[in-house]
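Architecture and fold: a report
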Amino acid sequence: MLTWVNRLSWYAPISAISMELVRFDMQLMENPEVSGVEYQQGSLAGYEIREYVLEKWQRACAYCEAKDVPLQIEHIHPRAKGGTNRVSNLCLACEKCNTAKGTQDIAVFLKKKPEVLKKIQAQAKKPLKDATAVNSTRWKLFERLKATGLPVECGSGGLTRYNRTTRNLPKTHWLDAANVGTSTPVVLITKGIKPLKIKATGHGRRKMCVTDADGFPKHHKERKSSYMGYRTGDMVKAITPKGTYWGRIAIRHRPSFRLGKTDVHPKYMRRLHRADGYEYTYETKGVRDAPPHG
Ligand SMILES: [Zn+2]
(Lines give C-alpha, C1' and ligand atoms only; values in the text may rest on other atoms or scores of the structure.)
Protein backbone atom coordinates (compact mmCIF):
# COMPACT_ATOMS: atom_id res chain seq x y z
CA MET A 1 0.00 0.00 0.00
CA LEU A 2 2.66 2.49 1.05
CA THR A 3 4.73 1.35 -1.91
CA TRP A 4 1.87 2.50 -4.09
CA VAL A 5 1.44 5.83 -2.38
CA ASN A 6 5.11 6.46 -3.08
CA ARG A 7 4.98 5.17 -6.64
CA LEU A 8 1.88 7.18 -7.52
CA SER A 9 3.43 10.29 -5.99
CA TRP A 10 6.21 9.80 -8.48
CA TYR A 11 3.86 9.75 -11.46
CA ALA A 12 1.43 12.46 -10.37
CA PRO A 13 1.68 15.24 -7.83
CA ILE A 14 -0.35 13.94 -4.91
CA SER A 15 -1.17 16.67 -2.42
CA ALA A 16 -3.63 14.91 -0.13
CA ILE A 17 -5.00 11.44 0.64
CA SER A 18 -8.63 10.43 1.27
CA MET A 19 -9.24 7.26 3.21
CA GLU A 20 -12.36 5.37 4.20
CA LEU A 21 -11.59 4.79 7.86
CA VAL A 22 -14.96 3.65 9.21
CA ARG A 23 -18.11 2.11 7.78
CA PHE A 24 -20.37 4.71 9.31
CA ASP A 25 -20.02 7.95 11.19
CA MET A 26 -21.60 7.78 14.63
CA GLN A 27 -21.45 11.54 15.04
CA LEU A 28 -23.77 12.00 12.10
CA MET A 29 -26.30 9.64 13.60
CA GLU A 30 -26.45 10.88 17.18
CA ASN A 31 -27.97 7.90 18.87
CA PRO A 32 -28.33 5.41 16.04
CA GLU A 33 -30.87 3.34 17.92
CA VAL A 34 -33.37 6.16 18.29
CA SER A 35 -32.68 8.15 15.14
CA GLY A 36 -33.21 6.78 11.68
CA VAL A 37 -36.11 9.01 10.84
CA GLU A 38 -34.47 10.28 7.71
CA TYR A 39 -33.07 7.08 6.38
CA GLN A 40 -35.13 6.93 3.18
CA GLN A 41 -34.74 10.54 2.24
CA GLY A 42 -31.33 10.06 0.66
CA SER A 43 -29.67 12.28 3.22
CA LEU A 44 -26.12 11.68 4.34
CA ALA A 45 -27.38 10.65 7.79
CA GLY A 46 -29.59 8.16 6.00
CA TYR A 47 -26.59 6.56 4.30
CA GLU A 48 -24.74 6.39 7.59
CA ILE A 49 -27.73 4.68 9.17
CA ARG A 50 -27.96 2.26 6.30
CA GLU A 51 -24.32 1.26 6.86
CA TYR A 52 -25.01 0.92 10.56
CA VAL A 53 -28.01 -1.36 9.92
CA LEU A 54 -25.99 -3.43 7.43
CA GLU A 55 -23.30 -3.90 10.05
CA LYS A 56 -25.75 -4.59 12.86
CA TRP A 57 -27.44 -7.38 10.90
CA GLN A 58 -24.15 -8.64 9.48
CA ARG A 59 -25.16 -8.00 5.89
CA ALA A 60 -27.59 -10.91 5.88
CA CYS A 61 -31.33 -11.28 5.54
CA ALA A 62 -32.84 -11.37 9.04
CA TYR A 63 -35.44 -13.93 7.97
CA CYS A 64 -33.57 -16.46 5.84
CA GLU A 65 -29.95 -15.45 6.58
CA ALA A 66 -29.15 -15.08 2.88
CA LYS A 67 -25.86 -13.26 2.25
CA ASP A 68 -24.34 -11.78 -0.89
CA VAL A 69 -27.77 -10.90 -2.24
CA PRO A 70 -29.27 -7.42 -2.58
CA LEU A 71 -30.68 -6.50 0.82
CA GLN A 72 -33.39 -4.01 1.62
CA ILE A 73 -33.97 -2.15 4.81
CA GLU A 74 -37.09 -3.57 6.30
CA HIS A 75 -39.45 -2.37 9.01
CA ILE A 76 -39.95 -5.03 11.65
CA HIS A 77 -43.27 -3.47 12.61
CA PRO A 78 -44.64 -2.15 9.34
CA ARG A 79 -44.96 1.58 8.81
CA ALA A 80 -48.56 1.06 7.76
CA LYS A 81 -49.28 -0.32 11.21
CA GLY A 82 -47.59 2.42 13.15
CA GLY A 83 -44.02 1.10 13.12
CA THR A 84 -41.35 3.76 13.49
CA ASN A 85 -38.29 4.57 11.39
CA ARG A 86 -36.05 4.05 14.39
CA VAL A 87 -33.09 1.79 13.90
CA SER A 88 -34.45 -0.53 16.58
CA ASN A 89 -37.37 -1.15 14.21
CA LEU A 90 -35.18 -1.80 11.17
CA CYS A 91 -33.63 -4.99 9.92
CA LEU A 92 -32.45 -6.38 6.58
CA ALA A 93 -34.42 -8.53 4.20
CA CYS A 94 -33.69 -10.14 0.87
CA GLU A 95 -36.12 -9.37 -1.89
CA LYS A 96 -37.90 -12.70 -1.57
CA CYS A 97 -38.52 -12.35 2.16
CA ASN A 98 -39.38 -8.68 1.81
CA THR A 99 -42.02 -9.49 -0.78
CA ALA A 100 -43.32 -12.45 1.19
CA LYS A 101 -43.69 -10.39 4.34
CA GLY A 102 -45.35 -7.45 2.62
CA THR A 103 -47.15 -5.30 5.17
CA GLN A 104 -47.78 -8.16 7.56
CA ASP A 105 -46.72 -7.79 11.14
CA ILE A 106 -43.61 -9.77 11.93
CA ALA A 107 -45.48 -11.96 14.42
CA VAL A 108 -47.92 -12.96 11.70
CA PHE A 109 -45.21 -13.48 9.07
CA LEU A 110 -43.15 -15.67 11.40
CA LYS A 111 -46.10 -17.45 12.98
CA LYS A 112 -44.62 -20.82 12.07
CA LYS A 113 -41.06 -19.87 12.99
CA PRO A 114 -41.22 -18.67 16.59
CA GLU A 115 -37.48 -19.16 17.17
CA VAL A 116 -36.63 -16.84 14.23
CA LEU A 117 -39.11 -14.30 15.56
CA LYS A 118 -37.52 -14.41 19.01
CA LYS A 119 -34.04 -14.05 17.58
CA ILE A 120 -34.97 -11.03 15.43
CA GLN A 121 -36.77 -9.27 18.26
CA ALA A 122 -33.79 -9.74 20.59
CA GLN A 123 -31.30 -8.64 17.91
CA ALA A 124 -33.35 -5.55 17.07
CA LYS A 125 -33.21 -4.30 20.64
CA LYS A 126 -29.47 -4.83 20.92
CA PRO A 127 -27.42 -1.84 19.78
CA LEU A 128 -24.38 -2.72 17.69
CA LYS A 129 -21.52 -3.59 20.00
CA ASP A 130 -18.39 -1.48 19.73
CA ALA A 131 -19.98 0.49 16.95
CA THR A 132 -17.25 3.10 17.11
CA ALA A 133 -14.34 0.67 17.08
CA VAL A 134 -12.16 1.05 14.03
CA ASN A 135 -10.76 -2.05 12.43
CA SER A 136 -7.12 -2.32 13.56
CA THR A 137 -5.75 -2.86 10.05
CA ARG A 138 -7.40 0.36 8.91
CA TRP A 139 -5.94 2.21 11.89
CA LYS A 140 -2.48 0.99 11.07
CA LEU A 141 -2.91 2.06 7.48
CA PHE A 142 -4.19 5.46 8.61
CA GLU A 143 -1.13 5.96 10.84
CA ARG A 144 1.19 5.02 8.01
CA LEU A 145 -0.56 7.27 5.53
CA LYS A 146 -0.21 10.15 7.97
CA ALA A 147 3.49 9.37 8.25
CA THR A 148 3.87 10.30 4.57
CA GLY A 149 3.45 13.92 5.69
CA LEU A 150 0.52 14.45 3.34
CA PRO A 151 -2.80 15.61 4.75
CA VAL A 152 -5.09 12.59 5.26
CA GLU A 153 -8.84 13.08 5.12
CA CYS A 154 -11.04 10.36 6.61
CA GLY A 155 -14.50 9.48 5.40
CA SER A 156 -17.05 6.85 6.29
CA GLY A 157 -18.50 4.14 4.09
CA GLY A 158 -21.84 5.93 4.38
CA LEU A 159 -20.31 9.09 2.94
CA THR A 160 -18.70 7.13 0.09
CA ARG A 161 -22.06 5.58 -0.85
CA TYR A 162 -23.80 8.95 -0.50
CA ASN A 163 -21.24 10.67 -2.72
CA ARG A 164 -21.36 7.95 -5.37
CA THR A 165 -25.15 7.73 -5.45
CA THR A 166 -25.74 11.48 -5.58
CA ARG A 167 -23.30 11.60 -8.52
CA ASN A 168 -25.22 8.83 -10.29
CA LEU A 169 -22.21 6.54 -10.53
CA PRO A 170 -22.42 2.75 -10.64
CA LYS A 171 -21.27 0.54 -7.81
CA THR A 172 -17.69 -0.50 -8.46
CA HIS A 173 -14.60 -0.66 -6.28
CA TRP A 174 -12.76 2.04 -8.17
CA LEU A 175 -15.70 4.44 -8.21
CA ASP A 176 -16.16 3.89 -4.49
CA ALA A 177 -12.49 4.79 -4.06
CA ALA A 178 -12.99 7.95 -6.13
CA ASN A 179 -15.87 9.00 -3.87
CA VAL A 180 -14.18 8.75 -0.49
CA GLY A 181 -14.30 11.81 1.74
CA THR A 182 -15.92 15.24 1.74
CA SER A 183 -13.34 16.55 -0.74
CA THR A 184 -14.96 14.53 -3.57
CA PRO A 185 -15.62 16.97 -6.46
CA VAL A 186 -19.24 17.64 -7.38
CA VAL A 187 -18.61 16.31 -10.87
CA LEU A 188 -16.33 13.34 -11.42
CA ILE A 189 -15.34 12.77 -15.02
CA THR A 190 -15.23 8.99 -15.32
CA LYS A 191 -15.91 8.46 -19.03
CA GLY A 192 -13.18 6.59 -20.84
CA ILE A 193 -11.26 5.79 -17.67
CA LYS A 194 -9.96 2.25 -17.52
CA PRO A 195 -8.92 1.31 -13.98
CA LEU A 196 -5.64 -0.56 -13.67
CA LYS A 197 -5.96 -3.43 -11.26
CA ILE A 198 -2.85 -4.12 -9.22
CA LYS A 199 -2.59 -7.34 -7.30
CA ALA A 200 0.25 -8.20 -4.94
CA THR A 201 1.73 -11.54 -6.00
CA GLY A 202 4.76 -11.63 -3.72
CA HIS A 203 8.38 -12.21 -4.56
CA GLY A 204 8.42 -15.95 -4.94
CA ARG A 205 9.08 -18.64 -2.39
CA ARG A 206 11.17 -17.83 0.60
CA LYS A 207 12.57 -21.05 1.93
CA MET A 208 14.75 -20.39 4.94
CA CYS A 209 16.50 -23.72 5.25
CA VAL A 210 16.19 -27.10 3.64
CA THR A 211 16.60 -30.07 5.97
CA ASP A 212 17.60 -33.65 5.21
CA ALA A 213 15.79 -36.79 6.32
CA ASP A 214 17.37 -36.54 9.80
CA GLY A 215 16.34 -32.94 10.23
CA PHE A 216 19.82 -31.50 9.74
CA PRO A 217 20.20 -28.46 7.57
CA LYS A 218 21.17 -29.46 4.09
CA HIS A 219 24.08 -27.70 2.59
CA HIS A 220 22.57 -26.03 -0.38
CA LYS A 221 24.09 -24.21 -3.22
CA GLU A 222 22.97 -20.61 -3.45
CA ARG A 223 21.07 -20.42 -6.66
CA LYS A 224 20.77 -17.22 -8.50
CA SER A 225 17.20 -16.00 -8.81
CA SER A 226 17.77 -14.97 -12.39
CA TYR A 227 18.99 -16.75 -15.47
CA MET A 228 20.08 -14.91 -18.61
CA GLY A 229 18.57 -11.80 -17.07
CA TYR A 230 15.12 -13.32 -16.61
CA ARG A 231 13.30 -13.95 -13.35
CA THR A 232 10.32 -16.09 -12.56
CA GLY A 233 7.24 -13.94 -12.86
CA ASP A 234 8.49 -11.79 -15.72
CA MET A 235 5.85 -11.08 -18.35
CA VAL A 236 7.13 -11.93 -21.80
CA LYS A 237 6.11 -12.19 -25.40
CA ALA A 238 7.72 -15.10 -27.20
CA ILE A 239 7.73 -15.48 -30.97
CA THR A 240 8.86 -19.04 -31.61
CA PRO A 241 8.82 -21.25 -34.71
CA LYS A 242 5.83 -22.99 -33.10
CA GLY A 243 3.81 -19.87 -32.45
CA THR A 244 3.49 -16.70 -30.47
CA TYR A 245 2.95 -16.76 -26.73
CA TRP A 246 2.32 -14.21 -24.01
CA GLY A 247 2.49 -14.64 -20.31
CA ARG A 248 4.40 -15.08 -17.16
CA ILE A 249 7.47 -17.30 -17.16
CA ALA A 250 8.96 -19.67 -14.65
CA ILE A 251 12.69 -19.77 -15.19
CA ARG A 252 14.98 -22.77 -15.10
CA HIS A 253 18.72 -22.66 -14.78
CA ARG A 254 19.07 -23.69 -18.37
CA PRO A 255 17.81 -21.97 -21.50
CA SER A 256 14.34 -23.47 -21.44
CA PHE A 257 11.72 -21.55 -19.49
CA ARG A 258 8.21 -22.55 -18.69
CA LEU A 259 5.64 -20.31 -20.37
CA GLY A 260 2.10 -21.47 -19.81
CA LYS A 261 2.09 -25.08 -20.98
CA THR A 262 5.14 -24.91 -23.19
CA ASP A 263 8.89 -24.69 -22.78
CA VAL A 264 10.48 -21.80 -24.59
CA HIS A 265 14.08 -20.83 -25.22
CA PRO A 266 14.75 -17.33 -23.85
CA LYS A 267 16.21 -16.29 -27.20
CA TYR A 268 12.66 -16.12 -28.54
CA MET A 269 11.49 -13.91 -25.68
CA ARG A 270 11.04 -10.25 -25.22
CA ARG A 271 10.26 -9.01 -21.75
CA LEU A 272 7.14 -6.89 -21.48
CA HIS A 273 7.23 -6.38 -17.76
CA ARG A 274 9.78 -7.17 -15.11
CA ALA A 275 8.46 -9.19 -12.15
CA ASP A 276 8.08 -6.73 -9.28
CA GLY A 277 5.76 -8.64 -6.99
CA TYR A 278 2.59 -7.24 -8.57
CA GLU A 279 0.20 -8.31 -11.27
CA TYR A 280 -1.38 -5.65 -13.46
CA THR A 281 -4.59 -6.03 -15.41
CA TYR A 282 -7.07 -3.75 -17.09
CA GLU A 283 -10.69 -4.54 -16.58
CA THR A 284 -11.73 -4.37 -20.19
CA LYS A 285 -15.25 -5.79 -20.16
CA GLY A 286 -17.06 -2.97 -18.45
CA VAL A 287 -16.32 -2.83 -14.78
CA ARG A 288 -16.80 -5.60 -12.32
CA ASP A 289 -19.32 -4.98 -9.60
CA ALA A 290 -18.37 -4.59 -6.02
CA PRO A 291 -19.81 -7.20 -3.69
CA PRO A 292 -23.40 -6.34 -2.89
CA HIS A 293 -23.88 -4.09 0.08
CA GLY A 294 -27.61 -4.19 -0.21
ZN1 LIG B 1 -34.51 -13.63 3.06
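On a predicted model such as this, the values are computed, not experimentally measured, just so you know.

Brief notes about the packing of helix α2 (residues 44-56) against helix α7 (residues 157-166)
One can describe the packing of α2 onto α7 by two numbers: an axis separation of 8 Å at closest approach and a directional angle of 125°. With respect to α7, the axis of α2 lies oblique. α2 and α7 meet at a crossing whose hand is right-handed. Every residue of α7 that contacts α2 at Leu44, Tyr47, Glu48 and Glu51 is listed here: Gly157, Gly158, Leu159, Arg161, Tyr162 and Thr165.

Quick notes on the confidence of the model for the protein
Taken as a whole, the protein shows an average pLDDT of 84; of its residues, 83% reach a score of 70 or greater. Mean pLDDT values for the elements of the protein range from 82 in strand β13 (residues 278-282) up to 95 in strand β10 (residues 257-259). Note that pLDDT drops below 50 for residues 286-294; the model gives that stretch 23 contacts with residues more than four away or on any other chain.

Considerations on the coordination of the zinc ion
Coordination of the zinc ion by the protein is provided by Cys61 (SG), Cys64 (SG), Cys94 (SG) and Cys97 (SG), with metal-donor distances spanning 2.3 Å. For the zinc ion, the four donor atoms are set out with angles of 102 to 116° between them, so the coordination reads as tetrahedral. Mapping the donors of the zinc ion onto the primary sequence gives the spacing C-x2-C-x29-C-x2-C. Residue Cys64 is located in the loop between α2 and β2 (71-75), and its partner Cys94 is located in strand β3 (residues 90-94); the two are separated by 30 residues in the primary sequence. Judged by relative accessible area, Cys94 falls into the buried class, the value being 7%.

Quick word on the packing of aromatic side chains
The full count for this structure, using the stated rule, is nine aromatic pairs. With a centroid separation of 5.5 Å and an interplanar angle of 70°, the aromatic rings of Tyr47 and Tyr162 are classed as edge-to-face. Taken as a pair, Tyr47 in helix α2 and Tyr162 in helix α7 lie far apart in primary sequence, 115 residues in all. Through a chain of ring-to-ring contacts, the aromatic side chains of Trp4, Tyr278 and Tyr280 assemble into a single cluster. Over the ring of Trp4 we find Arg7; its NZ or CZ atom is 4.7 Å from the centre of that ring. Of note, Arg271 hangs over the ring of Tyr230, and the distance from its end group to the ring centre comes to 5.2 Å.

Cut-offs used in this document
Each residue is numbered by its place in its chain's sequence as written, counting from 1. For this predicted model, a pLDDT threshold of at least 70 governs which residues receive local features, and a threshold of 80 or more governs which side-chain atom pairs are given and counted, while totals over whole chains, interfaces and linings are taken from all residues. Heavy atoms from the whole structure form the basis of all side-chain values; hydrogens and water molecules are not counted. To obtain each axis, a line is fitted to C-alpha atoms, and for helices this fit is confined to the stretch in contact; angles are then taken between N-to-C directions over 0 to 180 degrees. By definition, any uninterrupted DSSP run of H or I lasting at least four residues is a helix, any uninterrupted run of E lasting at least two residues is a strand, and each is numbered from the N terminus. Convention used here: angles under 35 degrees read as roughly parallel, angles over 145 as roughly antiparallel, angles from 65 to 115 as roughly perpendicular, and any remaining angle as oblique. Each crossing is labelled by how the near helix is turned from the far one, with a counterclockwise turn of less than a right angle marking it left-handed and a clockwise turn marking it right-handed. Here a residue-residue contact requires only that any non-hydrogen atoms of the pair lie within 4.5 Å. The score called pLDDT rates the predictor's confidence residue by residue, from a low of 0 to a high of 100. Coordinating donors are taken as N, O and S atoms within 2.8 Å of the metal, stretched to 3.2 Å for Na, K and Ca; because water is absent from the atoms, sites can appear incomplete. In these descriptions, tetrahedral denotes four donors with every angle between 85 and 135 degrees, square planar four donors and octahedral six donors with opposite donors over 155 degrees apart and the rest between 65 and 115, and irregular any other case. Here the term buried applies to any residue with accessible area under 20% of the maximum for its type, exposed to any over 50%, and partly exposed to those in between, with areas from a 1.4 Å probe on protein chains only. Here a Phe, Tyr or Trp ring, Trp counted by its six-membered ring, pairs with any other such ring whose centre lies within 6.5 Å, and the pair is stacked when the planes are under 30 degrees apart, edge-to-face when over 60, and tilted otherwise. Whether a charge lies above a ring is judged from NZ of Lys or CZ of Arg, which has to be within 6 Å of the ring centre and within 35 degrees of the ring normal.

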